[in-house]
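Commentary on secondary and tertiary structure
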Amino acid sequence: MSMAVVGMIAGMALGFAGYFGGFGAFLLVAALGAVGFVVGRFLDGDLELGDLFRTRDERRDRR
C-alpha cells in the first residue's frame, strides 16, 4: 500500500473522529496514530529504541 493511501486513510479517520467525537476525540486518535506509527517503525526494524533517547550531539557524532 502506498504512503499516499495510508495518509488518506489516516486523514479520513481523523476527520471522522473530529466530526463525530469533537476535538478531544480528534487529539486522541492523532496521538494513538503517532504511537502506532512509532511502534510499527520499531517492529519493521526502521527505528532503534536508542534513537528516541539520544541527544542531538550524540546523533551528529554517530554519523
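Let me sum up the structure you'll find in this document. Since the model is a prediction, treat every value here as computed from it, not as a measurement. (Residues numbered from 1 in each chain as written. Predicted model: local features only at pLDDT ≥ 70, side-chain atom pairs only at ≥ 80, totals over all residues. Heavy atoms only, no water.)

1. Some remarks on the layout of surface pockets
Applicable threshold: Computed over the protein atoms alone on a 1 Å grid, cavities are sets of points where a 1.4 Å probe fits but cannot get out and pockets are open sets with protein on both sides within 12 Å along at least five of seven lines; a residue lines them when it has an atom within 4 Å of a point. Grid points are joined across faces, edges and corners, and a volume is the space filled by probe spheres set on the points.
Estimated volume of the largest pocket: approximately 230 Å³. Together, Met 3, Val 6, Ile 9, Ala 10, Ala 13, Leu 14, Val 29, Ala 30, Gly 33, Ala 34 and Phe 37 line the largest pocket.

2. Things to note about helix 1 (residues 3-44)
We apply this condition: The numbering of helices and of strands both runs from the N terminus, where a helix is a DSSP run of H or I of at least 4 residues and a strand a run of E of at least 2. To estimate how far a helix should extend, the number of its residues minus one is multiplied by 1.5 Å. A residue's bend is given by the angle between axes fitted to the 7 residues ending at it and the 7 residues starting at it.
Here helix 1 contains 42 residues, and its C-alpha end-to-end distance of 15 Å is more than 12% below the 62 Å for a straight helix at 1.5 Å per residue. At Gly 21, helix 1 shows its strongest bend, of approximately 145°.

3. Examining a nonpolar patch on the surface
Here is the rule we go by: A patch is a set of surface residues, each over 30% in relative accessible area and not in a salt bridge, joined within 9 Å for like charges and within 5 Å for the nonpolar side chains Val, Leu, Ile, Met, Phe, Trp and Tyr. The Shrake-Rupley method, run with a 1.4 Å probe, gives the accessible areas here. Residue values count only the displayed protein chains as cover. Definition used for salt bridges: Asp or Glu carboxyl oxygen within 4 Å of a side-chain nitrogen of Lys or Arg.
On the surface, Met 1, Met 3, Val 5, Val 6, Met 8, Ile 9, Met 12, Phe 16, Tyr 19 and Phe 20 cluster together to form a nonpolar patch covering roughly 1200 Å² of accessible area. You can see Tyr 19 is positioned in helix 1.

4. What to know about the packing of aromatic side chains
This is how the line gets drawn: Classification of ring pairs rests on two measures: the distance between centres of Phe, Tyr or Trp rings, Trp counted by its six-membered ring, which must be within 6.5 Å, and the angle between planes, read as stacked under 30 degrees, edge-to-face over 60 and tilted in between. Partly exposed residues are those whose accessible area sits between 20% and 50% of the maximum for their type, while under 20% is buried and over 50% is exposed, using a 1.4 Å probe and protein chains only.
Within the structure shown, the criterion is met by 3 aromatic pairs. With a centroid separation of 4.9 Å and an interplanar angle of 85°, the aromatic rings of Tyr 19 and Phe 20 are classed as edge-to-face. Relative accessible area serves as the criterion here: at 67%, Tyr 19 is assigned to the exposed category. A centroid spacing of 6.0 Å and a plane angle of 20° characterise the contact between Phe 23 and Phe 26, whose relative ring orientation is stacked. Here Phe 23 pairs with Phe 26, and both are found in helix 1, just 3 residues apart, close to one helical turn.

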